[in-house]
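Okay, here's what each chain looks like letter by letter:
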Amino acid sequence: MSNSSLREKNIVFIGFMGAGKTTVGKLVAKKLYRDFIDIDEEIEKEYNMPIPKIFAEIGEKAFREKEKELIQNLCDYKLKIISVGGGAFLQEEIRRVCLSSSIVFYLDITWDAWKGRLSSIIDSRPVLQGKSMEEIEALFYKRKEIYKNNYHSTIEISNQNMDELAESIVQTLKLSWELHETK
Ligand SMILES: Nc1ncnc2c1ncn2[C@@H]1O[C@H](COP(=O)(O)OP(=O)(O)OP(=O)(O)O)[C@@H](O)[C@H]1O
Ligand SMILES: O=C(O)C1=C[C@@H](O)[C@@H](O)[C@H](O)C1
Ligand SMILES: [Mg+2]
């Protein structure tokens, strides 16, 4: 990899639903003066309906196909800040294209910190609906196995202020860019 290419790579945020990918991604993009793209939002724009309606009327399969197509297309670009949906990394092709083209940042959260957020996010996350707390916990840990094996950098985000979190991600990125340039 050339020196300039690391700095130019996209940054992709991954992690469980409600971990803060959209919130943190937007803040990081602003701090780095880069474009921010939220894949869930792009899918909603394409179908002109919110995600629960897409799942109910078009189906999860079509949603996952659209998710893959959008991410694959975006990974041809550089310098983007991209927040993917919580289920994107379940698809092997998405993992592969993101890990090879971009810096993948895993936003890690503990179950204890996350479970308090459930009531505020459940209405817009169909994957969480109709499940018991035990089933959601099992999904949380099953997904964690995927995230924790497929990233370049990670940060524990359980009880942090969002702006401080974004700032420390920016500092981590800048440090790694500088280290590569002085090699
Ligand atoms: N560190 C935090 N502290 C408190 N609340 C937070 C934090 N991070 C996110 N939230 C809140 O949790 C909710 C979900 O955050 P966000 O939409 O950024 O998650 P996400 O990771 O993008 O989820 P999804 O995978 O479903 O897109 C938002 O209402 C947000 O305000
Ligand atoms: O984790 C998931 O499977 C999902 C997460 C959200 O970001 C959306 O992409 C959708 O609600 C599915
Ligand atoms: Mg999001």
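Everything here concerns the structure above.
Here's what I pulled together on the structure shown here. Residue positions are given per chain, counting from 1 as you read along its sequence in written order. By the order in which they are written, chains take letters starting at A while ligands take numbers starting at 1. Per-residue local features of the predicted model are confined to residues with pLDDT of at least 70, and side-chain atom pairs are confined, for both listing and counting, to 80 or more; whole-chain, interface and lining totals are unaffected and use all residues. Only hydrogens and water are removed before side-chain values are computed, so all heavy atoms of the structure are retained for them.

**As for the packing of aromatic side chains**
The relative placement of two aromatic rings is captured by the distance of their centres and the angle of their planes.
Thought 1: Each pair of aromatic rings taken from Phe, Tyr and Trp, with Trp reduced to its six-membered ring, is defined by centres within 6.5 Å and is described as stacked if the planes are under 30 degrees apart, edge-to-face if over 60, and tilted in the remaining cases. Scanning the model with the defined rule gives ten aromatic pairs in all.
Thought 2: Here the aromatic rings of tyrosine 106 and tyrosine 147 are separated by 5.6 Å at their centres, their planes lie at 40 degrees, and the arrangement is tilted. Taken as a pair, tyrosine 106 in strand S4 (residues 102-108) and tyrosine 147 in helix H9 (residues 133-148) lie far apart in primary sequence, 41 residues in all. In terms of burial, tyrosine 106 and tyrosine 147 fall into one category: buried. Starting at the N terminus, helices and strands are each numbered in turn, a helix being any DSSP run of H or I of at least four residues and a strand any DSSP run of E of at least two. The buried label applies to any residue whose accessible area, calculated with a 1.4 Å probe on protein chains only, is under 20% of its type's maximum; exposed applies above 50%, and partly exposed to all values in between.

**Re helix H2 (residues 21-32)**
Thought 1: The span expected for a helix works out to 1.5 Å for each residue beyond the first. Between its first and last C-alpha atoms H2 spans 16 Å; for twelve residues at 1.5 Å apiece the expected length is 16 Å, and the two agree.
Thought 2: Within two residues after H2, tyrosine 33 carries a phi angle of roughly 55 degrees, on the positive side.

**Things to note about the pattern of salt bridges**
Thought 1: Note on definitions: salt bridges are taken to be side-chain nitrogens of Lys or Arg within 4 Å of carboxyl oxygens of Asp or Glu. Scanning all chains against the criterion turns up 16 salt bridges.
Thought 2: Residue arginine 64 pairs with glutamate 60 through a salt bridge whose shortest N-O separation is 2.9 Å. Of this pair, arginine 64 and glutamate 60 both sit in helix H5 (residues 60-74), four residues apart, roughly one helical turn.
Thought 3: You can call arginine 64 buried: its relative accessible area is 13%.
Thought 4: The shortest N-O distance in the salt bridge between glutamate 69 and lysine 66 comes to 3.7 Å. Here glutamate 69 pairs with lysine 66, and both are found in helix H5, just three residues apart, close to one helical turn.
Thought 5: Residue classification places glutamate 69 among the partly exposed positions, given a relative accessible area of 38%.

**Observations concerning the nonpolar core**
As a rule of thumb, nonpolar side chains are buried together in soluble globular proteins.
Thought 1: Here the nonpolar core consists of buried residues drawn from Ala, Val, Leu, Ile, Met, Phe, Trp, Tyr and Cys, with membership extended through side-chain atoms lying within 4.5 Å. In terms of nonpolar packing, the biggest core is built from 56 residues, with Ile11, Phe13, Val28, Trp114, Leu128 and Ile169 touching the most fellow members.
Thought 2: Counting residues per element, this core draws most heavily on helix H10 (residues 162-182), at six residues.
Thought 3: Among residues more than four places away in sequence, those in contact with isoleucine 169 are Phe13, Val24, Val28, Phe105, Leu107 and Ile155. In this analysis, two residues are considered to be in contact whenever any of their non-hydrogen atoms come within 4.5 Å of each other.

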